Amino acid sequence: MGIPITIVSGFLGAGKTTLINQALNASELPREEIIIIENEVGQTGIDHELLLHTKERVLQLNNGCMCCSLREDLITTLASIEEVTKEWQVPLSQIIIETTGIADPQPIIQTILTTPILRNTYYIDSLLTVVDRQNCSIYQNEPVSLKQIALADRIVFALKEGDTVSNCSEIVATLTEINPLADFIYFSETAPITATDFFHLDKFQATEGLNESLATQTEVERTNEPHSRDHHHKDLHGHSHRSAVHQHDEHGFQTVLLTTECELNEAALIRWIDWLLFANQELYRFKGIIALENRELAVAVQGVNQQVSFQLTPLEKTTTKIVLIGKNLASKKIEETFNQLCITYKQ
């Protein structure tokens with residue numbers, strides 16, 4: 001499958017480095033088989049070959065913004081790591097990318113997914129976003145911080161002095177509003193994470209949560225709120241399809257949940273996704289479990305930015321569930337076109 005990359009994001013001072021240190025201490029992987037890429041502010045690069053001689057195997061990228069100007073640096077860095085490890089026959093088990101607190105992780109994801117020389121060697125295991133109670137008021141006013149939360153596969157809550165799980169529950173509820181796809185774990189200096197909390201999570205591609213309690217919980221909670229809509233329709237064959245929309249107005253983030261009991265036409269679904277991406281430029285992420293015509297089992301779909309992938313699953317076909325996360329989404333049009341998609345191919 002390749003070498004896993006874990007991306008660790010989070011606002012300034014949230015606890016990213018503490019989390020990584022705890023993961024390294026807990027891991028049974030030899031330290032020399034893990035390379036950490038730190039995206040920090042600075043002007044001095046580190047020679048890729050010298051990196052492999054260092055004890056900690058930490059590489060620092062030059063600028064504090066992992067965006068367009070650094071995509072080439074990231075490609076060069078990861079390609080050089082592969083080249084040198086192969087040439088010297090150095091084992092490599094894990095890459096960790098620690099972003100600066102002001103970095104949008106989306107360009108990192110896009111670079112890894114769209115660059116052939118990287119895609120053939122590496123894969124994104126998970127995006128972990130670290131948050132803490134002390135900085136929660138900053139998150140609400142920082143678009144980049146909110147983007148880090150919206151893209152996360154797992155939100156890791158750093159409990160600091162005076163914090164408990166109970167007194168952080170309101171913050172967790174707010175973060176769930178922004179990103180219902182992520183799960184939550186907690187850590188502190190006295191209750192560190194385990195290796196299984198960090199490594200080999202395979203959450204970036206995972207969609208099993210949608211097929212269990214996540215979509216049901218999202219739908220029930222959202223439809224009880226004032227900014228939610230829940231519509232039922234039945235086609236000529238009596239099949240039910242529903243779409244629910246929730247918008248978290250305080251931050252401008254929307255979570256759109258679409259469900260249907262109809263089996264969808266594959267070609268029509270792909271055309272609909274093409275339209276969805278074109279018409280919603282701030283659709284940051286979506287995941288779904290799809291029941292398709294002429295398929296015996298359910299198919300998983302997920303997208304980040306303009307990148308979409310489909311995977312066969314061992315799951316039985318039941319209800320199609322799709323969750324969209326973004327800003328300025330054309331939610332009404334999304335509902336209408338999805339409902340039409342359900343109806344058209346059943347008449």
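Residues numbered from 1 in each chain as written. Predicted model: local features only at pLDDT ≥ 70, side-chain atom pairs only at ≥ 80, totals over all residues. Heavy atoms only, no water.

To continue, consider the overall build of the chain. Secondary structure assignment for the chain yields 12 helices and 14 strands. Counting across all 347 residues of the chain, residues that qualify as buried make up 52%. (Helix = DSSP H or I, 4+ residues; strand = E, 2+ residues; numbered from the N terminus. Buried < 20%, exposed > 50% of the residue type's maximum accessible area, 1.4 Å probe, protein only.)

Attention now moves to the packing of aromatic side chains. Applying the stated criterion across every chain yields a total of four aromatic pairs. Ring centres 5.7 Å apart and planes at 35 degrees place the aromatic pair phenylalanine 157 and tyrosine 186 in the tilted group. Here phenylalanine 157, found in strand β6 (residues 154-158), pairs with tyrosine 186, found in strand β7 (residues 183-187); they are 29 residues apart in sequence, far enough to count as distant. When the ring of phenylalanine 253 is compared with that of tyrosine 284, the centres are 6.0 Å apart and the planes differ by 50 degrees; the resulting orientation is tilted. Separated by 31 residues along the polypeptide, phenylalanine 253 in strand β10 (residues 253-260) and tyrosine 284 in strand β11 (residues 283-290) bring together distant segments of the chain. Classification of tyrosine 284 as buried rests on a relative accessible area of 10%. (Phe/Tyr/Trp six-rings, centres within 6.5 Å; stacked < 30°, edge-to-face > 60°.)

The grouping of Ile270, Val308 and Phe310 at the surface amounts to a nonpolar patch, some 220 Å² of accessible area in total. With respect to the secondary-structure elements, isoleucine 270 resides in helix α11 (residues 266-279). (Patch = residues over 30% accessible without salt bridge, like charges linked within 9 Å, V, L, I, M, F, W, Y side chains within 5 Å. Areas by Shrake-Rupley, 256 points an atom, 1.4 Å probe, with all protein chains shown as cover. Salt bridge = Lys/Arg side-chain N within 4 Å of Asp/Glu carboxyl O.)

Quick look at the pattern of salt bridges now. Two side chains carrying opposite charge are able to pair once their charged atoms lie near each other. Following the criterion strictly, the structure yields 10 salt bridges and no others. A single salt-bridge network, built from bridges that share partners, covers Asp153, Arg285 and Lys287.

Extensive coverage of β6 is indicated by the burial of five of its five residues. For strand β5 (residues 122-132) and β6, the ladder comprises five bridges, and the chain directions are parallel. Looking across to β6, one finds that leucine 128 is bridged to arginine 154. Strand direction decides the pairing type here: β6 and β7, joined by five bridges, are parallel. Considered in β7, the bridge of valine 156 is made with isoleucine 185. (Pairing = 2+ DSSP bridges.)

Going through the model one piece at a time under the given rule, you end up with zero disulfides. Its sulfur unpaired, cysteine 262 is 5.0 Å from the next cysteine sulfur, which belongs to cysteine 342. Looking at cysteine 342, the relative accessible area reads 1%, which means it is buried. (Disulfide = S-S within 2.5 Å.)

This brings us to unusual backbone geometry. Phi angles above zero are rare outside glycine, and glutamine 89 is one such case at about 55 degrees. Here glutamine 89 is to be found in the loop between α3 (68-87) and β4 (94-98). Judged by relative accessible area, which is 70%, glutamine 89 ranks as exposed.

Take the confidence of the model for the chain next. Per-residue pLDDT for the chain averages 80, and the proportion of residues at 70 or more is 77%. A low-confidence stretch, residues 41-56 (pLDDT under 50), is modelled with 34 contacts involving residues beyond four sequence positions or located in other chains. Per-residue pLDDT stays below 50 along residues 63-69; that stretch engages in 23 contacts with residues further than four places along the chain or on separate chains. (pLDDT = per-residue confidence, 0-100. Contact = heavy atoms within 4.5 Å.)

Take the side chain of serine 27 next. Along the chain, serine 27 turns up in the loop between α1 (16-26) and β2 (34-39). Its relative accessible area of 13% is what places serine 27 among the buried residues. One polar contact links the side chain of serine 27 to the main-chain amide nitrogen of leucine 29, over a distance of 2.9 Å. When neighbours within four sequence positions are excluded, serine 27 is seen to be in contact with Ile34, Ala195 and Phe199. (Polar contact = N/O pair within 3.5 Å; in protein donor to acceptor, adjacent residues only side chain to side chain.)

Within the largest apolar cluster, 62 residues are counted, with the highest numbers of intra-cluster contacts made by Leu78, Ile95, Ile96 and Phe198. Top contributing element to this core by residue count: β5, with six residues. Filtering out sequence-adjacent residues up to four positions away, isoleucine 96 remains in contact with Thr6, Val8, Ile20, Leu24, Ile34, Ile35, Ile36, Ile37, Phe198 and Phe199. (Core = buried A, V, L, I, M, F, W, Y, C linked by side-chain atoms within 4.5 Å.)

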